[in-house]
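# Structure assessment
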Amino acid sequence: MAESTKQQVMEVRAGLSHALGAAENALERAERERDTAVAHWERVRAAAEGRERKLAAARDERLRSIEKWHATELGALSGAAAGAADRAAPGAAGEPWHSWDATPLPAAAELRIGRLLLPTAPGAAEETPGRPWQWDSPEPAAPESPEVPALVRLLDHGHVVVRGDRRLGDDVVAGLLLRALGTSAPGSVQVIGYDPEHLGGGLAGFAALAPARVLTFVAPNGLAALLDELVGHVRRINETVLAGEYSSLRELHTATRRRPEPWRVAVLLGAGELNRHERTQLDRLLRTGAACGVHLIVHGPEVEPAAGIEFVTAAPGADARMSSGGDLPVRLDPGPPPAVLTATCRQIAEAVAAGPAPVALDSLLPDPGEEWRESSATGLSAPLGDSPQGTRVLVTLSDYPPHALIAGPSGTGKTNLIYAWMGALAARYSPAELAFYLLDFKEGVSFARFAPGRRDQSWLPHVRLVGVNVNTDREFGLALLRFLGAELRRRADAAKQHEVTNLAELRAEDPSGVWPRIVAVVDEFQVLLAGRDSVTTEAVDLLEDLARRGRSQGIHLVLASQDVSGIEALWGRPALVAQFTLRIALPRARRVLAEQNTAADSLPRYHAVINPDSGATDANQIVRVPAAGDREQWSTLQHRLWRRLPQNSPPPRLFDGDVQPRLADSPDFRALTPEDSPAPMALLGETIDVMSRSARTVLRRAPGRNLAVLGTRVEEACAVLATAGRSLAAQHTRDGARFSIACFDQDAQAAAEALHARIPDCGWYDASNVAWLLEDAAAESTAALPADRPHFILLYAADALPGGKVAGDQLRTVLRQGPERRLHVLGWWRGAGLLRDSLGGQASRTDPIGAWVALDVHGSELAPYYPGAGAPNWYPRPWRALHFDRSVHRGAEVIIPYGAS
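Keep in mind it's a predicted model, so treat the numbers as computed, not measured.

Reading guide: rules and limits
Residues numbered from 1 in each chain as written. Predicted model: local features only at pLDDT ≥ 70, side-chain atom pairs only at ≥ 80, totals over all residues. Heavy atoms only, no water. Helix = DSSP H or I, 4+ residues; strand = E, 2+ residues; numbered from the N terminus. Expected span 1.5 Å × (residues − 1). Buried < 20%, exposed > 50% of the residue type's maximum accessible area, 1.4 Å probe, protein only. Pairing = 2+ DSSP bridges. Axes fitted to C-alpha atoms, helices over the stretch in contact; angles between N-to-C directions. Salt bridge = Lys/Arg side-chain N within 4 Å of Asp/Glu carboxyl O. pLDDT = per-residue confidence, 0-100. Contact = heavy atoms within 4.5 Å. Core = buried A, V, L, I, M, F, W, Y, C linked by side-chain atoms within 4.5 Å. Phe/Tyr/Trp six-rings, centres within 6.5 Å; stacked < 30°, edge-to-face > 60°. Parallel < 35°, antiparallel > 145°, perpendicular 65-115°, else oblique. Left-handed = near helix turned anticlockwise from the far one by under 90°. Nonpolar A, V, L, I, M, F, W, Y, C, P; charged D, E, K, R; others polar. Disulfide = S-S within 2.5 Å. Right-handed = clockwise from strand over helix to strand, strands pointing away.

This paragraph deals with helix 18 (residues 804-817). In an α-helix there are 3.6 residues to a turn, and that puts residues three or four apart on one side. The end-to-end C-alpha distance of helix 18 is 20 Å, a good match for the 20 Å that 14 residues give at a rise of 1.5 Å each. Turning to helix 18, its buried residues number three or more, namely Ala807, Gly808, Gln810, Leu811, Arg812, Val814 and Leu815.

Given below as structure tokens:
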């Protein structure tokens, strides 16, 4: 039992020991597992914290990247917006006031009222994440954040309604008006102010525009009349200017580059409640006015939102808004500085008073491919400019009206108008259809550009004759009228031959003939008619005949003058004046229109009155004439037309009264050839005529065929003798004629020797040996038979011939009998009385002198050598001479001695 108990105790003890060992092992293992779990938990927690830190860092970096991207994109968009605004509102349309200056633009622009406050990301460059987005501060933007102007559309687009604060709203209105005025040509914007509360005080800064009628005010009770007037403008423009061809003035301007109507901007300030009629008219203008250039700036009356209306809410700081800007705040600009406003308005008023600048000559011309397409069979028609309504004003020369009078004081653009008219005609009609004959009596070279010059060898292809600097050569004007009279007779004879009555019928019957319409332009024509002499008498008679009969034969006269009120020779012949039914009056022109027609008194610069009905008031057409005097523009047109001429086309005849002609350039001199002719001719100088002829005296075998040059001007006398000697020598071979030169004036020695050197085998005589020449010549003159060849004796200062009575008798023998023996004297006497002494005294006959050239000799001294009881009407002029040949002339002719060549 005891063993059993002991055994049991030992078993129990063994079991407990085993259990304790197992428990200790389990505890140790649990403690190890716990330590492992704790270590794992620590690693997991550390990993989680590290992950959280990485995610936070990635989040912060991403946020910074997004913020930076947004800032960059916003900056780019702001820059693009600023660039677009600069393009939409260049110059005066968008410049801030501190740098503002009026700069007219070619087209209407959007107008600045302030600047947009765009959303920004402040501190985007800082490292602080999570910054909230906010609106740009009212302060000026930083350099890297471009300013974006707040722009509104007004001219050619719509209307502006200003609401909110009255003072700030007035600044908005003033800024809009000044920018609209500053971006437009002076006078192209007309402002009408309606301010019943302040009686115009709201627009007081613009008062300088009122005298020029750029700004007008409406009385407090005049709103209805103003709206009615503006509605009437809209209706008129739709009916007469747009006329269904264009939808708006902006479209017309884009298509034609013309702006026929000014913009009309009506400013309605504090109008209060409108009645039914006023509301109806206002709504009509808001709906239809912008297309016709009628715009409203409204600050007071209520206006409902509609297309084309910009609403501006005036408020301080960032509280202002504009309807086209959505929710973006606007920082409004202050009003324009008073000094800038006043100076700009004065500048605009002065420019308007001076008149608008002209448009370019190109506005009158057809496209180059359409040039020279018109026919002049029934008349000539071309635009001269635009009317105030923008339509082209056509000017016609035909059977009616046939001729034109142009008048305008100096500086009003008479020459420019003639240029413009000629350019428009020359571009439409070819030289076969139109011919110009141009004459300018004032001192100057207005028409010289149409003929070849030293710098430019081109010419206007239609021009046949150009006369400049002819204020002292009235004879050239008479020569032109004579030429036109001869052309009129030629055309009339051709019309009779074909049994027709006018040019159109003649051209139809004679299609192979060349019958261009002739336009003769005479500037300052009153000079031609100024004297009470034979020139004026004949000129008026020719003018009357040309004016009366020229219309049917395509010959048209255009007479221009600074003032035609004092031309007795013209106005004393009502039948002549009545033929000039086309009247063109420039600003302040007198007497060219009907007596009661005062339309020219108020014309601005570059404008004219075109009246095709003899100046009757009802026929007035106002035209704005383009600038045609610009040499570069004209040269472009002239060269383009000139290059279309066939090669070897002859240039026009150019007569310049200030230029001495050259014998070498004379067609008559170049045509002389040696030939056996019993009647050689001596050329003397250039006649003042259209055909550039040389004056001549034929030295045939007949009594009196001698030539006397009279006067004291040595150079001119030597020039006439040299011309005669050279032309005679050119008609003979070396042995075909005999020449002898005798000189008794020291001042003429060099000229005489120069002529002697030009003529082969020419004899030379002076005081020492002239007796031999006279003795030999007297013997030839009294011989039974004429010489086998002609003998020409040229005497320089024949009145100083030495040898006394014997020499004088011998000279008279040669003068009287020599021509029949082929011996001719060409002598220079230094006075008409001295020639009479050489002929034998006061009682002697003057028949031995059949031809003479008078220089500084008055007409009364020439009576003994002139047929009839009178004397020629001659007053000496520098480098002009009077030529008379009793065998061919009814009256003396004025010539120009050839200069040295």
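This part is about the sheet that holds strand 4 (residues 149-152). Spatially, three strands are ordered 4-1-12 in an open sheet, and the strand pairing comes out antiparallel. The sheet is open, and its two edges are formed by strand 4 and strand 12 (330-332), each paired on a single side. Each neighbouring strand pair of the sheet contributes to a mean axis angle of 45 degrees, computed without reference to strand direction. Taken together, the four bridges between strand 1 (residues 111-116) and strand 4 define a ladder with antiparallel strand orientation. Bridged to Leu111 within strand 4 is Val152.

What follows is about the pattern of salt bridges. Summed over the entire model, instances satisfying the criterion amount to 43 salt bridges. A salt bridge links Asp35 to Arg34; the shortest N-O distance between them is 3.2 Å. Taking relative accessible area as the criterion, Asp35 reaches 43% and is therefore assigned partly exposed. Members of the salt-bridge network, linked through shared partners, are Asp473, Glu475, Arg877 and Arg880.

Let us look at the confidence of the model for the chain. Note: predicted coordinates in regions of low pLDDT should not be interpreted at a detailed level. Across the chain, the average pLDDT comes to 87, with 93% of residues at 70 or higher. pLDDT under 50 marks residues 123-133. Its contacts with residues more than four places away, or in other chains, come to 15 contacts.

Turning next to the environment of Val592. Within the element layout of this structure, Val592 appears in the loop between strand 20 (582-585) and strand 21 (607-611). When the C-alpha positions of Val592 and Gln347 are compared, they lie 34 Å apart, and in sequence the two are 245 residues distant.

Core analysis: the biggest nonpolar cluster contains 112 residues, and Tyr796, Leu826 and Trp852 have the highest contact counts within it. Residues Val162, Leu209, Ala314 and Cys345 belong to the second largest nonpolar core, which totals 51 residues.

All right, on to helix 8 (residues 474-497) then. Relative to the 34 Å expected for 24 residues at 1.5 Å per residue, helix 8 spans 35 Å between its end C-alpha atoms, a close match to the ideal helical length. One or two positions beyond helix 8, positive phi appears at Glu499, with a value near 60 degrees.

Moving on, we get to the packing of aromatic side chains. This structure, assessed with the given rule, holds eleven aromatic pairs. A centroid spacing of 5.2 Å and a plane angle of 70 degrees characterise the contact between Phe450 and Trp634, whose relative ring orientation is edge-to-face. One end of the pair, Phe450, is in the loop between strand 16 (434-440) and strand 17 (463-468); the other, Trp634, is in helix 13 (residues 631-642), with 184 residues separating them in the sequence. We classify Phe450 as buried; its relative accessible area is 0%. Between the aromatic rings of Tyr866 and Phe884, the centroid separation amounts to 5.2 Å while the plane-to-plane angle is 50 degrees, which identifies the pairing as tilted.

Its location among the elements puts Leu242 in helix 3 (residues 223-242). Along the sequence, Leu242 and Cys292 sit 50 residues apart, while their C-alpha atoms lie 8.5 Å from each other. When sequence neighbours within four positions are dropped, the list of residues in contact with Leu242 reads Ile237, Ser247, Ser248, Leu249, Leu252, Ala291 and Cys292.

With that out of the way, let us pick up the packing of helix 7 (residues 414-428) against helix 13. It is the contact of helix 7 with helix 13, at a shortest axis distance of 11 Å, that shows an interaxial angle of 30 degrees. In terms of axis orientation, helix 7 runs roughly parallel to helix 13. Crossing of helix 7 over helix 13 shows left-handed handedness. Where helix 7 abuts helix 13, its residues Tyr419, Met422, Gly423, Ala426 and Ala427 lie against Trp634, Leu637 and Leu641. Of the residues in the contact of helix 7 with helix 13, the class split is seven nonpolar, one polar and no charged.

Let's shift gears to the state of the cysteines. Taken as a whole and judged by the stated rule, the model has zero disulfides. Residue Cys718 stays outside any disulfide, its sulfur separated by 7.1 Å from that of Cys743, the closest cysteine. On the accessibility criterion, Cys718 (6% relative accessible area) is buried. We note that Cys762 lacks a disulfide partner, and the nearest cysteine sulfur, in Cys743, lies 12 Å from it. A residue is classified by how much of its surface remains accessible, and Cys762, at 10% relative accessible area, is buried.

Let us look at the sheet that holds strand 5 (residues 159-164). In spatial order, the strands read 7-6-8-9-5-10-11; together these seven strands make up an open sheet with mixed pairing. Since the sheet does not close on itself, it has two edges, and those belong to strand 7 (215-218) and strand 11 (321-322), each with one partner. With respect to the sheet, helix 3 is in contact with strand 6 (189-194), strand 7, strand 8 (263-269) and strand 9 (294-299), its orientation differing from that of strand 8 by roughly 155 degrees.

Before going further, it helps to examine the pairing of strand 10 (residues 309-314). With five of six residues buried, strand 10 lies mostly within the body of the structure. In this structure, strand 5 lies alongside strand 10, joined through six bridges in parallel fashion. Bridge pairing links Val160 to Glu310 in strand 10. Counting the residues that bridge the hairpin from strand 10 to strand 11 gives six residues, and of these Gly317 lies at a positive phi of roughly 60 degrees.

With that settled, the discussion passes to the pairing of strand 29 (residues 791-796). The buried fraction of strand 29 is high, at six of six residues. Neither face of strand 29 is open: one carries His791, Ile793 and Leu795, the other Phe792, Leu794 and Tyr796, and all of them are buried. As judged from the six bridges shared by strand 27 (residues 738-743) and strand 29, these two strands associate in the parallel manner. The partner of Ala742 across the bridge, within strand 29, is Leu795. Two strands pair when backbone bridges link them, and strand 29 and strand 30 (residues 823-829) are joined in this way by five bridges, in the parallel orientation. The residue of strand 30 that forms the bridge with His791 is Leu823. Handedness of the strand 29-helix 18-strand 30 crossover: right-handed.

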